[in-house]
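# Coordinate inspection notes
Residue strings, one per chain:
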Amino acid sequence: MSDEFVMFVEDSFNITNRGTAIVGNYKGKIRIGDRISDFFGNTIEVTGMDFPRSSSSRPNDDLTTLLYSSPKYEKGYFNNRHLFSEKDFTFLFCSDPFNKNEPDIDYVEEYNAAKKLGFESKLFNFDDFVFDGSLKIKSADKPTAVIYRGWMMTVEQYADFHRKMIHLNYYLVNSPAQYRSCHHLPEWYDQISDLTPKSVWAPAFETTTLDLLSALKGRPLIVKDYVKSRKHEWFDACYIPNSNDLEQALTVIENFVNRQGEHLVGGVVLREYVALQESGHHPKSGIPLHTEFRLFVMDGRILSCISYWQGERINEIPEEFMVIVEKTNKIGSPFYTVDIAKTVDNHYILIEVCDGQVSGLQDLPAEEFYASFRQMFVV
């Protein structure tokens, strides 16, 4: 098996008379007849290759590749025990913008907790990466599994991040496609629409806005983009109490779009507002606080359940949460979060899905969170 070659497998499926088709990214050079490895240590016997190119500017050793393998290739799981060990499993955090050797102030607690619990923890300068694409991390000696814990990236930035990490022999838990599948509401909504409030969207704030309002006519609404709302500006740029009041509705939407400015992601999303159980009001913004929970899900299992506004870990997980997670697993991401809220009718609904690498802990003590990884992955 080649030592210079590792493939990050995003997907695999059977094709009659061709064997198993394998889609992913690779580092190194391969030929038909080679026996190579994915980063779990599973064997791929190369019987054919295709090289779809989306851009001629992409380097030859960093392509989305379609390989064929016979006998059947069996893709491993991310929580493969030989990969998840104190020696190989790494967390990657954002460094302080002015001191590359110290974690960003917002990730100090997480960085220290991960190191205290024995996990390999590395730093990189997020600002340098976002502004000029530079990623200064020492290459790993061998394929190393990585979970990023840091600031949110656009799907384009994450794809570049993922590609550059592979060059350094690091393999992020979520592929670019998996990051996008949880990061943008239109990517996950259709798969689990029965769990969440009715939603419509358009890629820009133009004449389509009236069409969106018409689709949810007469209902109270929430406005957001593909990723975020402005919930702390609840009455000005988030909540529409009556979509029949076009003047007020358009004002809220316009406020939202203008205030998001260049940070608006994808387009405008309107979601039906569902009355939730209130647990108080935010001390600064005055927005209503609800009975909400954030679930971190790893490899199909609940890693940690957090009371959203109280920052407490929930040990007794309701059965309804398990049912919701079973359905959200259809999205196909190894590591993601689900935000769940309780309605005034005592039902749980799904509010949001997000990539687990860029989701906050909601004031849960970091050591409790990282202890969950140790319990799940380290033998």
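Everything below is about the structure printed above this text.
The text that follows walks through the structure, step by step, so that each part is easy to find. Because the structure is predicted, anything quoted here is derived from the model rather than measured. (Residues numbered from 1 in each chain as written. Predicted model: local features only at pLDDT ≥ 70, side-chain atom pairs only at ≥ 80, totals over all residues. Heavy atoms only, no water.)

Counting secondary structure elements, the protein contains 10 helices and 21 strands. Summed over its atoms, the accessible surface of the protein is roughly 17,900 Å², and 48% of this surface lies on carbon and sulfur atoms. (Helix = DSSP H or I, 4+ residues; strand = E, 2+ residues; numbered from the N terminus. Areas by Shrake-Rupley, 256 points an atom, 1.4 Å probe, with all protein chains shown as cover.)

With that settled, consider the sheet that holds strand S20 (residues 335-342). The strand order across the open sheet built from 5 strands is S19-S18-S17-S20-S21, with neighbouring strands paired in antiparallel fashion. Edge positions in the sheet fall to strand S19 (312-313) and strand S21 (348-355), since each has one partner strand and no second. Taken together, the 2 bridges between strand S18 (residues 301-307) and S19 define a ladder with antiparallel strand orientation. Counterpart to Ser 307 in the pairing with S19 is Glu 312. Contacting strand S17 (292-298), S18, S20 and S21, helix H9 (residues 319-328) runs over the sheet at an angle of about 135° to S20. (Pairing = 2+ DSSP bridges. Contact = heavy atoms within 4.5 Å. Axes fitted to C-alpha atoms, helices over the stretch in contact; angles between N-to-C directions.)

One covalent bond between the sulfur atoms of two cysteine residues makes up a disulfide. One pass over the full model with this rule turns up 0 disulfides. The cysteine Cys 354 is free of any disulfide, with Cys 182 supplying the nearest cysteine sulfur at 7.6 Å. Judged by relative accessible area, which is 14%, Cys 354 ranks as buried. (Disulfide = S-S within 2.5 Å. Buried < 20%, exposed > 50% of the residue type's maximum accessible area, 1.4 Å probe, protein only.)

Viewed as axis vectors pointing N to C, helix H6 (residues 208-215) and helix H8 (residues 246-260) meet at an angle of 120°, and their least axial separation amounts to 11 Å. On the basis of their axis angle, the class for H6 and H8 is oblique. As H6 packs across H8, the resulting crossing turns out to be right-handed. Contact with H6, carried on its side by Thr 209, Leu 210 and Leu 213, involves Leu 246, Ala 249, Leu 250 and Ile 253 of H8 and no other residues of that element. The class makeup of the residues in the contact of H6 with H8 is 6 nonpolar, 1 polar and no charged. (Parallel < 35°, antiparallel > 145°, perpendicular 65-115°, else oblique. Left-handed = near helix turned anticlockwise from the far one by under 90°. Nonpolar A, V, L, I, M, F, W, Y, C, P; charged D, E, K, R; others polar.)

A large share of helix H4 (residues 176-183) lies buried, amounting to 6 of its 8 residues. All buried positions along H4 are accounted for by Pro 176, Gln 178, Tyr 179, Ser 181, Cys 182 and His 183.

Looking at where Tyr 348 falls in the secondary structure, it is placed in strand S21. Residues Tyr 348 and Pro 318, spaced 30 residues apart in sequence, show a C-alpha to C-alpha distance of 10.0 Å. Residue contacts for Tyr 348: discarding those within four places in its chain leaves Phe 293, Pro 318, Glu 320, Phe 321, Ile 324, Ile 340, Ala 341 and Lys 342.

The pairing of strands in a sheet comes from backbone hydrogen bonds and takes either a parallel or an antiparallel form. Judged by pairing direction, the sheet is antiparallel, and its 4 strands sit side by side in the order S11-S14-S12-S13 without closing on themselves. Each of the sheet's edge strands pairs with one partner strand only, and the pair in question is strand S11 (199-202) and strand S13 (239-240). Two elements, strand S12 (residues 221-224) and strand S14 (residues 268-272), share 4 bridges in a ladder whose sense is antiparallel. Counterpart to Ile 222 in the pairing with S14 is Arg 271. Relative to S11, H6 is tilted by about 170°, and along the sheet it contacts S11, S12 and S14.

Moving on, we come to helix H3 (residues 155-167). When the terminal C-alpha atoms of H3 are compared, their 19 Å separation across 13 residues agrees well with the 18 Å that a helix rising 1.5 Å per residue should span. Asn 169 sits one or two positions beyond H3 and adopts a positive phi of about 75°. (Expected span 1.5 Å × (residues − 1).)

By secondary structure assignment, the location of His 183 is in helix H4. Residue classification places His 183 among the buried residues on the basis of a relative accessible area of 5%. Sequence-distant contacts of His 183, defined by excluding residues within four places in its chain, comprise Met 152, Met 153, Val 155, Tyr 226 and Val 227.

What follows is about the packing of aromatic side chains. Under the defined criterion, the tally for this structure stands at 27 aromatic pairs. Taken together, a centroid distance of 4.9 Å and an interplanar angle of 80° make the contact between Phe 91 and Tyr 370 edge-to-face. Here Tyr 370 lies in helix H10 (residues 366-377) and Phe 91 lies in strand S6 (residues 90-96), a separation of 279 residues in the sequence. The residues Phe 91 and Tyr 370 share a single accessibility class, namely buried. When the ring centre of Phe 119 is taken as reference, the NZ or CZ atom of Arg 374 above it lies at 5.0 Å. (Phe/Tyr/Trp six-rings, centres within 6.5 Å; stacked < 30°, edge-to-face > 60°. Lys NZ or Arg CZ within 6 Å of the ring centre and 35° of its normal.)

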